[in-house]
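Listed here are the chains, written in short residue letters.
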Amino acid sequence: MNENNEDIVFNSLEELYIRLKPALIARKSELHRNGLNYITEEDIWNYFKENKWKNAHNLNLHQMVSDIFNCDEILVDDYLKGKLNQKNRTLYFNDNSEDDKNEE
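Residues numbered from 1 in each chain as written. Predicted model: local features only at pLDDT ≥ 70, side-chain atom pairs only at ≥ 80, totals over all residues. Heavy atoms only, no water.

### Examining the packing of helix 2 (residues 41-50) against helix 4 (residues 73-86)
Right, on to step 1. In the contact formed by helix 2 and helix 4, the axes pass within 10 Å of each other and the chain directions differ by 90 degrees. On the basis of their axis angle, the class for helix 2 and helix 4 is roughly perpendicular. Along the contact surface, helix 2 presents Asp43, Ile44, Asn46, Tyr47 and Glu50, while helix 4 presents Leu75, Val76, Tyr79, Leu80 and Lys83.
Right, on to step 2. For the contact of helix 2 with helix 4, a count of residues per class yields six nonpolar, one polar and three charged. (Axes fitted to C-alpha atoms, helices over the stretch in contact; angles between N-to-C directions. Helix = DSSP H or I, 4+ residues; strand = E, 2+ residues; numbered from the N terminus. Parallel < 35°, antiparallel > 145°, perpendicular 65-115°, else oblique. Contact = heavy atoms within 4.5 Å. Nonpolar A, V, L, I, M, F, W, Y, C, P; charged D, E, K, R; others polar.)

Structural data, given as structure tokens:
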């Protein structure tokens, strides 16, 4: 088995996520200590996947781990808040949300 990280190949994003999960969890813990208790490792993953790594080529595992640990927490927070603002929020008064939509 080759111990050189540059030779590791992942067959799916899920495999890569699993490999990076310890770093994501550690970063989440650090963010929680800094008062950002609502950020999950999935949020951190999605931030990088959709922003920093989206158009990157030939990234090494150590570069990705470095990105996770060195990213400005405000960027992840702003990303998550932007995602939350994209969700449609509806005020429901009845148990059946379809009834409320029909009353509008």
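There's plenty left to go through after this.
### Examining the side chain of Asp43
Right, on to step 1. Position of Asp43 relative to the elements: it lies in helix 2.
Right, on to step 2. For Asp43, a relative accessible area of 14% puts it in the buried group.
Right, on to step 3. Ignoring anything within four residues of it in the chain, the contact list for Asp43 reads Tyr38, Tyr79 and Leu80. (Buried < 20%, exposed > 50% of the residue type's maximum accessible area, 1.4 Å probe, protein only.)

### Some points on helix 4
Right, on to step 1. In this model, helix 4 (14 residues) spans 20 Å end to end at C-alpha, consistent with the 20 Å of a helix rising 1.5 Å per residue.
Right, on to step 2. When we look at burial in helix 4, the residues that qualify are Val76, Asp77, Tyr79 and Leu80. One side of helix 4 holds all its buried residues, which, seen down the axis, span an arc of 160 degrees. Opposite the buried face of helix 4, at more than 90 degrees from it, the exposed residues are Asn85 and Gln86.
Right, on to step 3. Among the structural elements, helix 2 are those in contact with the buried residues of helix 4. (Expected span 1.5 Å × (residues − 1). Arc of directions from axis to C-beta.)

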